[in-house]
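Chain residues, written in single-letter form:
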Amino acid sequence: MMRKRMYIHGEFTESKSGSWFPVYDPSTEEVIAEVPDGNAEDIDKAAKAARAAFDTGAWPQTSGQERGRILFRLADRIRKDAPALAELESRNGGKPIVEAEYDIADAANCFEYYGGWATKISGSVNPVPDNALSLSIKEPVGVAGQIVPWNYPLLMAAWKLAPALAAGCTCVLKPAEQTPLSILEVAEYFNEVGFPPGVINIVTGMGETAGAPLVAHPDVDKIAFTGSNVVGKAILKSAADSIKRVTMELGGKSPNIFFEDADFESAIDGALFGVFINQGEVCSAGSRLLVQKSIYSKFVEAMAAKAKTIKVGPPLDRANKMGSLVSKEQYDRVRGYQEIGKGEAKLVSGGGRPVHLDRGYFVEPTIFADVDNSSRIAREEIFGPVASVIPLKMKPTPSGLPTTRPSASPPQSGPGISIEPCAP
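What this report covers is the structure whose coordinates are included nearby. Values in this document were obtained by computation on a predicted structure and should not be read as measured data. (Residues numbered from 1 in each chain as written. Predicted model: local features only at pLDDT ≥ 70, side-chain atom pairs only at ≥ 80, totals over all residues. Heavy atoms only, no water.)

Focus: the sheet that holds strand 5 (residues 30–36)
- Pairing within the open sheet is mixed, and its 3 strands lie in the order 1-5-4. Each of the sheet's edge strands pairs with one partner strand only, and the pair in question is strand 1 (2–3) and strand 4 (20–25).
- Here strand 1 runs beside strand 5; their pairing, made up of 2 bridges, is parallel. The residue of strand 5 that forms the bridge with Met2 is Ala33.
- Sheet strands touched by helix 3 (residues 82–93): strand 1, strand 4 and strand 5. Its angle to strand 4, the strand with the most contacts, is close to 100°. (Pairing = 2+ DSSP bridges. Helix = DSSP H or I, 4+ residues; strand = E, 2+ residues; numbered from the N terminus. Contact = heavy atoms within 4.5 Å. Axes fitted to C-alpha atoms, helices over the stretch in contact; angles between N-to-C directions.)

A few points about the packing of helix 2 (residues 64–80) against helix 3
- For the pair helix 2 and helix 3, interaxial distance at closest approach is 5 Å and the crossing angle is 75°. Overall, the two elements helix 2 and helix 3 adopt an arrangement that is roughly perpendicular. Side by side, helix 2 and helix 3 meet where Ile78, Arg79 and Lys80 of the first sit next to Ala82, Pro83 and Leu85 of the second.
- A breakdown of the residues in the contact of helix 2 with helix 3 according to their chemical character gives 4 nonpolar, no polar and 2 charged. (Parallel < 35°, antiparallel > 145°, perpendicular 65-115°, else oblique. Nonpolar A, V, L, I, M, F, W, Y, C, P; charged D, E, K, R; others polar.)

So, the environment of Thr13
- Its location among the elements puts Thr13 in strand 3 (residues 11–13).
- Classification of Thr13 as buried rests on a relative accessible area of 17%.
- C-alpha of Thr13 to C-alpha of Pro36: the two residues are 23 residues apart in sequence and 8.4 Å apart in space.
- If sequence neighbours within four positions are ignored, Thr13 has contacts with Arg5, Met6, Ile8, Pro36 and Lys45. (Buried < 20%, exposed > 50% of the residue type's maximum accessible area, 1.4 Å probe, protein only.)

Describing helix 1 (residues 40–55)
- In this model, helix 1 (16 residues) spans 22 Å end to end at C-alpha, consistent with the 22 Å of a helix rising 1.5 Å per residue.
- What helix 1 keeps buried is the set Asp42, Ile43, Ala46, Ala47, Ala49, Ala50, Arg51, Ala53 and Phe54.
- Of the surrounding elements, those touching the buried residues of helix 1 are strand 2 (6–8), strand 8 (143–147), strand 9 (170–174), strand 10 (200–202) and helix 8 (207–216).
- With a side-chain oxygen lying 3.0 Å from the backbone nitrogen of Glu41, the N-terminal cap of helix 1 falls on Asn39. (Expected span 1.5 Å × (residues − 1). Polar contact = N/O pair within 3.5 Å; in protein donor to acceptor, adjacent residues only side chain to side chain.)

Side note on the nonpolar core
- One finds Phe190 and Phe195 to be the most contacted residues of the largest nonpolar core, which totals 54 residues.
- Here the element with the most residues in this core is helix 5 (residues 153–167); it accounts for 10 residues.
- Those residues in contact with Phe195, other than ones at most four positions away along the chain, are Trp59, Ile70, Leu71, Leu74, Leu165, Phe190 and Ile200.
- Formed by 26 residues, the second largest nonpolar core is a distinct cluster that contains Phe258, Leu272, Val275 and Met303. (Core = buried A, V, L, I, M, F, W, Y, C linked by side-chain atoms within 4.5 Å.)

So, the pattern of salt bridges
- Inspection of the entire model under this criterion finds 21 salt bridges.
- For the salt bridge of Asp44 with Lys48, the shortest nitrogen-to-oxygen distance reads 2.7 Å. On the criterion of helical spacing, the pair formed by Asp44 and Lys48 is a turn pair, its members being 4 residues apart in helix 1.
- On the basis of relative accessible area, Asp44 is assigned to the partly exposed category, the value being 25%.
- Arg376 is paired through a salt bridge with Glu380; the nearest N and O atoms lie 3.0 Å apart. (Salt bridge = Lys/Arg side-chain N within 4 Å of Asp/Glu carboxyl O.)

As structure tokens, this is what we get:
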């Protein structure tokens, strides 16, 4: 079992409290690591380190060219250890190893991409009356507080860190408590590739005891958050007290719409990919499928048949296309929605736990058909491999551009066609 420490001011350190919490392999339910249980004192130490690195350190004055070089070196270093990082990501998050390999490659590409942008941050000349000159110059905002989720741990950290670092900001990042291992492993490279102390700080801990103090800390100028709508609302309220800048990437219930003239086989593959990739633990998962009534029955039958061929099992086995959910909490949530769906719609595939797996947080790829658009499984984000298939009908209107009608709104007027959910 590993013991990974958090990273503050260029050094690996334990929590001020001396407490640790376990990190699991969700495919086996076994503890594979312990990390510090960070709290407000640790956040304060990290925020002060980032503040000093920004206010009096070299990073904001470092040329864009040099910041870019450091980000390029970090990208190369990630690629060098990509196989080990992918295995760690797969074990810690439960995702198939092939998907983890793509995620690590994307993380390296992200640091490289923003390394290129570091030399291309420019201002502009604004139009003003005669005999006047107005210039806009872009400057780093300061200390960026960053909170990332568990579904794409290293990639989400890269998405938060890379643009902030390219701009000259310093960072305090809190990874999800379920999946902190890959970013702590990458922190081993920070000193090596040339980041000055305090430029990047990583504090592990829970949302209430580490995330909330990060949002509220007076030395933090901006919060970037990816996660649930509920937590997003709480962050907005807290950030308002100190008028922090905030960017949010929250949940959703994304629709995939399929018409009768689609390439049928490609449509089926796209529907399965959209809802079952990464075990459905994706904020933009296509979990609500609207299918034109003329192909509805055929579509549901074909989708269910292919879903039953998806191999579910230990994520390090390359033959498996779906791994485990990230935690028992998430497993219980998804299993709950499977049961809710059985009372709301017609179950055509899955609906439970794979019978061949007696441990780990695995669920079957699940498809419900004849779903009413007002039902819970059609409206609430499940964040798991559960698809709701809804028939839709086309209503001809006078010629013109198409219009769409959400189920919760009255029909829209205007030429074209209207699209609306309907009874099977």
